[in-house]
Amino acid sequence: MMTMVFAVEEINRNSSLLPGVKLGYRIMDSCDHVHTSLQALLSLVRNVTVERIVRRTQSQTLPSCLADSPVPAVIGLASSSPTRAIAHTLGPFSLPLVSYFATCACLTDKHMYQSFLRTVPSDLFQVRGLVQLVTFLGWFWVGTIGTTDDYSHYGIQAFSNQFRQQGGCLAFHLTIPKSPTATEIQEMADKLQSSTAQVVVVFATEGQLLDLLLEGTLGFSFPGVGIPGLKEFLLNVRPSPKPGMAFVNMFWEELFGCRLEFRGGRAKENEADAPVCTGSEDLKYTDSSFTDVSQVRISYNVYKAVYAIAHALHTLLNCDSAVHNKGMCDNNKSFTSRELLHHLKTVNFTNQFEEKVYFDSNGEPVPLYDIINWQKDSSGEIRFIKVGSYDGSAPLREQLQIKQSTIVWTKGQSQVPVSQCSVPCPPGSRSARRPGEPHCCFDCLPCADGEISNQTGSTECTKCAEYYWPDKDQVKCVAGVEEFLSFHDTMGIILVALTLLGVVLTTIVTVVFQSFRSTPIVKANNSEISFLLLLSLKLCFLCSLVFIGQPSLWTCRLRQAAFGISFVLCLSCLLVKTIVVLLAFRANVPGSRALKRFGPPQQRTLILCTTAPQLCLCAGWLLGAPPLPFKNTNYQASTGKIVVECTETWPLGFYLVLGYIGLLAFICLLLAFLGRKLPDTFNEAKLITFSMLIFWAVWISFIPAYVSSPGKFTVAVEVFAILASSFGLLLCIFLPKCYIILLRPQRNIKKGMTGKYLT
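Conventions used here
- Residues numbered from 1 in each chain as written.
- Predicted model: local features only at pLDDT ≥ 70, side-chain atom pairs only at ≥ 80, totals over all residues.
- Heavy atoms only, no water.
- Patch = residues over 30% accessible without salt bridge, like charges linked within 9 Å, V, L, I, M, F, W, Y side chains within 5 Å.
- Areas by Shrake-Rupley, 256 points an atom, 1.4 Å probe, with all protein chains shown as cover.
- Salt bridge = Lys/Arg side-chain N within 4 Å of Asp/Glu carboxyl O.
- Helix = DSSP H or I, 4+ residues; strand = E, 2+ residues; numbered from the N terminus.
- Disulfide = S-S within 2.5 Å.
- Buried < 20%, exposed > 50% of the residue type's maximum accessible area, 1.4 Å probe, protein only.
- Arc of directions from axis to C-beta.
- Contact = heavy atoms within 4.5 Å.
- Pairing = 2+ DSSP bridges.
- Axes fitted to C-alpha atoms, helices over the stretch in contact; angles between N-to-C directions.
- Polar contact = N/O pair within 3.5 Å; in protein donor to acceptor, adjacent residues only side chain to side chain.
- Expected span 1.5 Å × (residues − 1).
- Bend = angle between axes of the 7 residues up to and from the residue.
- Phe/Tyr/Trp six-rings, centres within 6.5 Å; stacked < 30°, edge-to-face > 60°.
- Lys NZ or Arg CZ within 6 Å of the ring centre and 35° of its normal.
- Left-handed = near helix turned anticlockwise from the far one by under 90°.
- Nonpolar A, V, L, I, M, F, W, Y, C, P; charged D, E, K, R; others polar.
- pLDDT = per-residue confidence, 0-100.
- Right-handed = clockwise from strand over helix to strand, strands pointing away.

A grouping of Leu663, Phe666, Ile667, Leu670, Phe673 and Leu674 is seen on the molecular surface, where their side chains present a nonpolar patch of about 560 Å² in accessible area. With respect to the helices, strands and loops of the structure, Ile667 is situated in helix α18 (residues 651-674).

Structure below.
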C-alpha cells in the first residue's frame, strides 16, 4: 500500500511523466474476502457514468475531492478469488483492473474478465516452471498441499496434469481449511509423516504455511529490486488522526507495542495494559519486513502497475503532443474507461530498472521468476536466498537456470533429497508396474534372454540385433563369438594329426604293396582292386580336412560330396574283393567258371556301377539344393556363441547319401559273413567281416552322438566317425597282410598261401 503511495507521489514530482496532471488515490480494504471486496468496490466506484478521473491542480498535496469522483482504474487485489469477483463485475464497464498478486490462470479468460490485466505472471507459467524444477531435481513422487482458494485449486490442478505428463505421480493431496482445528492439523501432519514421498509441492501463501515451511524450502518468487527512495519514504511514515491513516496507525501500535491516544474507542483486552505511544518512536531503529526493502518483490509489481497506468494516461492525454504549451498534458480532455483500457493494453516502456513493461494480448506480463531457497542465517532467522531463475519466454532448454551448489536443504544437508515410490531399476532390468498402484510404484525384473537395458529406470528392454548377444550384466550388446571347428583348436589339431597319420599309413601301405606287388599275397588280393581301395581310403582320410576350418560356400558343398563318394568307392572295392573271395573258392568246384566270368573288366564295371548312383545323387543334390554356410544363433541362450556351420537346405539329400553308404556296407557285411568259414590260411572274408563290424559300430554310435552334440562338436563327431571307420578299414584289411609281407616273408609264397607250408 505504501509503495503505491510512494509511486503516485514520485510520478507527481516527475516533470516528464504526466506534466500538469496530479494523480490521486483511494485505498479500500478487501479483507481478502469476496463480499468485502465487492462492498469496497461499490463504495469506490459510486457513479460509473461519470468517467473523468483526473483533474488539474496546483497543489502538491493529493486532492481529497477525488474521493467523490469515479476512478479511472483499480489496482488490486492480492488474492485470486476476490479478484475474480471484482474483475467479473468491472468487465462489462471496461474499467481497468490491474492486479499485482492475483496469479490464477483462470483470470486469463478475456471473455469473462475483459478489463483485467496484471503485472504478475499467470500461474500457468509458475506451474510450468515448477514442473520443470521438480523433474530436473529427479522428484517424480511428490505430495501436494493446497488451500480452499482459486489460486490453490487451479494451480494444483494444472500442476497435477502437467506433472503426470512428465511421468510424475502424486502420493497424496491435502487441503488446508480456512480455520483448521488442532485435530485437522495433526491429521495432516500424520499424513505427511507416514507418506513415502519426501517432497511436498505447496500452493498457498506464506502466512498459511508458516508452521510447515522450514529450512530447505524452494519457492518461485517474483524478481526483486531495490527501489531508490522507498526506504527513506517508509521511514518517514508517522501515525496520524487524518482519514485514510488507519492502516499506518494499526501498524505503529503493533510494531512498538504501544497505544495511540487519538484513536479513541474502547481498547481491546490485549491493548488495555499497553503504554501510550510517546511520539518519539522511530522506525530507523526497528528491524522488520516493513523497513527491509533491499529487494522488494510484490511491492515492485504494485510499483509497475502504477507506472503502467500513468504511461497509459500520458498517451491518452496527448502529453507528448507539440500542440500543447510547454509540453503540458491536455487535462481538459474527457475520456472513457474503454479508451483508457485500450491505451493500457498497448503500453510499452522501459523503467529505471531496465525492465520492459508491457502486456500481451491476454493482459499478461513477461513471465519472470526468481527461485528462492529458505535458509537460516547465523541468528536462526529464515532468509530468502536466490538460487536460480525461470524465464517463461525463453527457449525451453534455457528457461530454468539453477545453481544446486547454493541450495541448503532440510536439516542443512547439501545433497538433493530423494523422493521416489520405487528405486529406479538399474541397467540390465526393467520396471514392471504394480497392479492398482501409480506407475511410479513398480518392481524391477531382469531383462529376458537376448535383451538389454543400458539406462537406469528403463521401462522396456531392447532386443539385441542379429548375431549380437547381451553381456553378463545385460547392459550392452556384444558381437557373438563365431565358433567352428578351427585348425587352431586343440580338437582341430588332434583331428588334423589323425588325418595326416591316416594318410601317411595309407601311403606306407601303398608303397609296401607296390614294392611287393609280385608276391603271392599281393596278387592273391587282386592288386588292382587293393590299390584302388588304398586310394579311396586316402580320400576318406583327406575328406575330413574339409570339415575343419570356417565353413564357406565351397567347403560346404565339397565336404558331404567328398565324404559320400570316397566312402562309396571304398565300399565298392570291398564289395568286389568280397565277391572275388567267394568266387575263388567256388572255382575249386569241378566245372565252375564263375571266377573267370568275374574278371577284372567285370570288377571295374561293378565298382563303376555301384559308385555311379552316389555320384549322380551328390551332383543333383549340389546343383539343386546345396548346403550353405549358416550362422546358428540357437546356442546363444546358454553360451553367447554363434556356431558357423553348413546348413542342409535339403536334409533328405544327406540322409540318402548316408543311406546308400549304409546299404553297400550292409551288403559287404552280409557277403563277408557268408564267407567266414573259409580256411583260416586265407582269412580275407574274416578281415572284411571284422572291418565291416567296426564300420557299423562307428556309424551306428555316430547318429545319437551327432544329434546330441552342440555347436562345433557336431562336426567333430562326424570327422571322428570318418577317421575311425577309415582307420578300421585300413588296419583290419591291410595290417595283417603288411605283417606277413614285412615280418613273415616265409609265408608270402604259394605254398604258404595254400596251407602246405606253415610256420
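Having seen the structure, we can now continue with the description.
Turning next to the state of the cysteines. Under the criterion given, the structure shown has nine disulfides. Paired through a disulfide, Cys169 and Cys440 show a sulfur-sulfur distance of 2.1 Å. Handedness of the Cys169-Cys440 disulfide follows from its S-S torsion of about 90°: it is right-handed. One end of the pair, Cys169, is in strand β5 (residues 169-175); the other, Cys440, is in the loop between β13 (429-433) and β14 (442-446), with 271 residues separating them in the sequence. Residue class for Cys169 comes out buried when judged on its relative accessible area of 3%. The residue that forms a disulfide with Cys556 is Cys646, at a sulfur-sulfur distance of 1.9 Å. Taking the sign of the S-S torsion, about -80° here, the bridge from Cys556 to Cys646 comes out left-handed. Here Cys646 lies in strand β21 (residues 641-647) and Cys556 lies in helix α14 (residues 553-586), a separation of 90 residues in the sequence. Residues Cys556 and Cys646 agree in their burial class; the two are buried.

Moving on to helix α8 (residues 246-256). Here α8 has its buried residues at Val248, Asn249, Trp252 and Glu253. Buried residues of α8 fall within an arc of 130° about the axis and therefore sit on the same side. Contacts made by the buried residues of α8 are with α1 (2-13). Trailing α8 by a residue or two, Gly257 shows a phi angle of about 65°, which is positive.

Looking now at the sheet that holds strand β6 (residues 199-203). Reading across the sheet, the three strands line up as β5-β4-β6 and stay open at both edges, with parallel pairing between neighbours. Sheet topology places β5 and β6 at the edges, where each strand pairs with a single neighbour. Here the average twist between neighbouring strands, direction ignored, is 25°. When strand β4 (residues 141-146) meets β5, the two strands line up parallel, connected through five bridges. Note that in β5 the partner of Gly146 across the bridge is Thr175.

Here Ser80 is to be found in helix α3 (residues 80-90). Taking relative accessible area as the criterion, Ser80 reaches 3% and is therefore assigned buried. Only 3.2 Å separates the side chain of Ser80 from the backbone nitrogen of Cys104, close enough to count as a polar contact. Filtering out sequence-adjacent residues up to four positions away, Ser80 remains in contact with Ala102, Thr103, Cys104, Asp150 and Tyr151.

Turning our attention to the sheet that holds strand β1 (residues 74-75). Taken in spatial order, the three strands of this open sheet run β1-β2-β3, and their pairing is parallel. Two strands lie at the open edges of the sheet, namely β1 and β3 (116-118), each paired on one side alone. Pairing geometry for β1 and strand β2 (residues 97-99), over two bridges, is parallel. By the bridge assignment for β2, Val74 is matched with Leu97.

Looking now at the environment of Pro438. Residue placement: Pro438 occurs in the loop between β13 and β14. Classification of Pro438 as partly exposed rests on a relative accessible area of 30%. Measuring from C-alpha to C-alpha, the distance between Pro438 and Ala171 comes to 8.6 Å, with 267 residues separating the pair along the chain. With residues near it in sequence (within four places) discarded, Pro438 still touches Trp141, Cys169 and Arg433.

We now examine helix α16 (residues 600-624). With 25 residues, α16 should cover 36 Å at 1.5 Å per step; its first-to-last C-alpha distance of 36 Å lies within 8% of that length. The largest bend in α16 comes to about 30°, at Thr611, with the proline Pro613 one to four residues further on.

Quick look at the packing of aromatic side chains now. Scanning all chains against the criterion turns up 26 aromatic pairs. Ring geometry for Phe101 versus Phe222: centroids 5.7 Å apart, planes at 85°, classification edge-to-face. Placement of Phe101 in the loop between β2 and β3 and of Phe222 in the loop between β7 (218-221) and α7 (230-235) is noted, with a sequence separation of 121 residues between them. On the accessibility criterion, Phe222 (9% relative accessible area) is buried. Ring geometry for Phe159 against Phe203: centres 6.3 Å apart, planes inclined by 55°, an arrangement best described as tilted. Here Phe159 is found in helix α5 (residues 150-165), whereas its partner Phe203 is found in strand β6, with 44 residues between them in sequence. Note on Phe159: relative accessible area 0%, which makes it buried. Three or more aromatic residues joined by ring pairs make a cluster, and in this case those are Phe6, Phe233, Tyr300, Tyr303, Tyr307 and Phe353. The positively charged end of Lys631 is found above the aromatic ring belonging to Tyr467, 5.0 Å away from the centroid.

What follows concerns the packing of α1 against helix α9 (residues 298-316). The N-to-C vectors of α1 and α9 enclose an angle of 35°; their axes lie 9 Å apart at closest approach. Considering the relative orientation of α1 and α9, their crossing is right-handed. Along the contact surface, α1 presents Thr3, Met4, Phe6, Ala7, Val8, Glu10 and Ile11, while α9 presents Ser299, Val302, Tyr303, Val306, Tyr307 and Ala310. Taken together, the residues of the contact of α1 with α9 sort by class into ten nonpolar, two polar and one charged.

Any two side chains of opposite charge can pair, on the condition that their charged atoms come close. Overall, the coordinates contain twelve salt bridges when judged by the stated rule. The partner of Asp282 in a salt bridge is Arg238, with the nearest N and O atoms 3.9 Å apart. A residue pair is termed long-range when its members are at least 10 positions apart, and Asp282 in the loop between α8 and α9 and Arg238 in the loop between α7 and α8 qualify at 44 residues. For Asp282, a relative accessible area of 18% puts it in the buried group. Taken together, the shared-partner salt bridges connect Arg297, Asp370 and Lys386 into one network.

The next thing to look at is the confidence of the model for the protein. With 89% of its residues at a pLDDT of at least 70, the protein reaches an overall mean of 84. Confidence over residues 47-69 falls short of pLDDT 50; this stretch has 41 contacts with residues more than four positions distant or in other chains. Segment residues 754-759 is flagged for pLDDT under 50; beyond a separation of four residues in sequence, or across chains, it makes nine contacts in the model.

Okay, the pairing of β4 next. Taken across its six residues, β4 has six buried, putting it largely inside the fold. Side chains Trp141, Gly143 and Ile145 of β4 all project onto a buried face; the interleaved residues Val142, Thr144 and Gly146 project onto the opposite face, where all are buried too. In terms of handedness, the path from β4 via α5 over to β5 forms a crossover that is right-handed. Relative to β6, β4 runs parallel, the two being bridged by five bridges. When the bridges of β6 are listed, Gly143 appears paired with Val200.

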